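For reference, the chains in residue letters:
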Amino acid sequence: MQLLELTPAELAFLKTAPVASARTPRLTQRLASVLSARLRLPVALHAVLTPEPAPPESAPVWRPDAALASLWLTRRLGGRHVSGMAPFVPHTLIRTLNEVLAECWLDGSVPDALPGAWAWQLTADRTQARLAVQLPHPLSAMTNWARGVIRHA
């Protein structure tokens, strides 16, 4: 799996994107930055409470809602306005989310003592969406998973 280079338009957008507050955890800030660049519009993420579901065995499990999947498909295919709901979650969205999580995990900006699930409310243009991730248990599996993601990127 090869990590795609940012286009000049994406780089220019990142330079003008608003900076998150210092209190924002690095993962949330990084997710917002990458999604903003890939979608070519400002994305705001706000952490929300999530119930603790049963953890997966060996890898994180992302749960974007249909609104986010539709936004991703529309914007990545060059569309401007989202209409309808995507019937599936694009693998490119999951791959992008995995790469961000792996980078943040390996650079040590994600604390070892964290909940087994995180969720965010996403706002982009006129779209409201939710994004959640379940982390494996035990968390020691995360380091091996993250190394594998980065190795194959």
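What this report covers is the structure whose coordinates are included nearby.

About the cut-offs
- Residues numbered from 1 in each chain as written.
- Predicted model: local features only at pLDDT ≥ 70, side-chain atom pairs only at ≥ 80, totals over all residues.
- Heavy atoms only, no water.
- Helix = DSSP H or I, 4+ residues; strand = E, 2+ residues; numbered from the N terminus.
- Buried < 20%, exposed > 50% of the residue type's maximum accessible area, 1.4 Å probe, protein only.
- Contact = heavy atoms within 4.5 Å.
- Pairing = 2+ DSSP bridges.
- Axes fitted to C-alpha atoms, helices over the stretch in contact; angles between N-to-C directions.
- Arc of directions from axis to C-beta.
- Core = buried A, V, L, I, M, F, W, Y, C linked by side-chain atoms within 4.5 Å.
- Salt bridge = Lys/Arg side-chain N within 4 Å of Asp/Glu carboxyl O.
- Left-handed = near helix turned anticlockwise from the far one by under 90°.
- Nonpolar A, V, L, I, M, F, W, Y, C, P; charged D, E, K, R; others polar.

### Section: the overall build of the protein
So, point 1. For the protein, the count of helices and strands is five helices and four strands.
So, point 2. Ordered by position from N to C terminus, the α and β elements of the protein give α-α-β-β-α-α-β-β-α.
So, point 3. For the protein, the proportion of its 153 residues judged to be buried stands at 41%.
So, point 4. Sequence separation of 24 or more characterises 73% of the internal contacts of the protein that already satisfy a separation of 6 or more.

### As for the sheet that holds strand β4 (residues 127-134)
So, point 1. Across the sheet, which stays open at both edges, the four strands sit in the order β1-β3-β4-β2 with antiparallel pairing between neighbours. Of all the strands in the sheet, the pair left with one neighbour each is β1 (43-48) and β2 (61-64). Adjacent strand axes in the sheet meet at a mean angle of 25° when their direction is disregarded.
So, point 2. Sheet analysis places strand β3 (residues 117-124) next to β4, joined by eight bridges and oriented antiparallel. Across the sheet, Trp-120 pairs through a bridge with Leu-131, a residue of β4.
So, point 3. Here helix α2 (residues 26-39) sits on the sheet and contacts β1, β2 and β3; the angle it forms with β1, its principal contact strand, is near 150°.
So, point 4. Packing against the sheet, helix α4 (residues 91-106) makes contact with β2 and β4, and its axis sits at approximately 125° to β2.

### Looking at helix α5 (residues 140-152)
Since the α-helix turns once every 3.6 residues, residues separated by three or four places project in the same direction.
So, point 1. Among all positions of α5, only Ala-141, Met-142, Trp-145, Ala-146, Gly-148 and Val-149 are buried. Burial along α5 is one-sided: seen end-on, the buried residues are contained in an arc of 160°. Turned more than 90 degrees away from the buried face of α5 sit Ser-140, Asn-144 and Arg-151, all of them exposed.

### Considerations on the nonpolar core
So, point 1. Ranked by internal contacts, the top residues of the largest apolar core, which has 33 residues, are Leu-27, Leu-31, Trp-62, Leu-101, Trp-120 and Leu-122.
So, point 2. Mapped onto this core, the elements with two or more residues apiece are α2, β1, α3 (66-76), α4, β3, β4 and α5.
So, point 3. What Leu-122 contacts, discounting residues up to four positions off in sequence, is Leu-35, Val-43, Ala-44, Leu-45, Leu-68, Leu-71, Thr-127, Gln-128 and Ala-129.

### So, the pattern of salt bridges
So, point 1. A full pass over the atoms with the stated rule returns two salt bridges.
So, point 2. Linking Arg-26 and Asp-107 is a salt bridge whose minimum nitrogen-to-oxygen distance equals 3.0 Å. One end of the pair, Arg-26, is in helix α2; the other, Asp-107, is in the loop between α4 and β3, with 81 residues separating them in the sequence.
So, point 3. Using a relative accessible area of 38% as the deciding quantity, one classes Arg-26 as partly exposed.
So, point 4. For Asp-107, a relative accessible area of 42% corresponds to the partly exposed category.
So, point 5. Between Glu-103 and Arg-30 there is a salt bridge whose closest N-O contact spans 2.9 Å. With Glu-103 in helix α4 and Arg-30 in helix α2, this pair connects stretches of sequence that are 73 residues apart.
So, point 6. With a relative accessible area of 27%, Glu-103 lands in the partly exposed category.
So, point 7. Residue Arg-30 is classed as partly exposed on the basis of its relative accessible area of 25%.

### A word on the packing of α2 against α4
So, point 1. In the contact formed by α2 and α4, the axes pass within 10 Å of each other and the chain directions differ by 145°. α4 is crossed by α2, and the crossing has right-handed handedness. Contacts from Arg-26, Leu-27, Arg-30, Leu-31, Val-34 and Leu-35 in α2 reach Leu-93, Thr-96, Leu-97, Val-100, Leu-101, Glu-103 and Cys-104 in α4.
So, point 2. Its residues placed into classes, the contact of α2 with α4 shows nine nonpolar, one polar and three charged.

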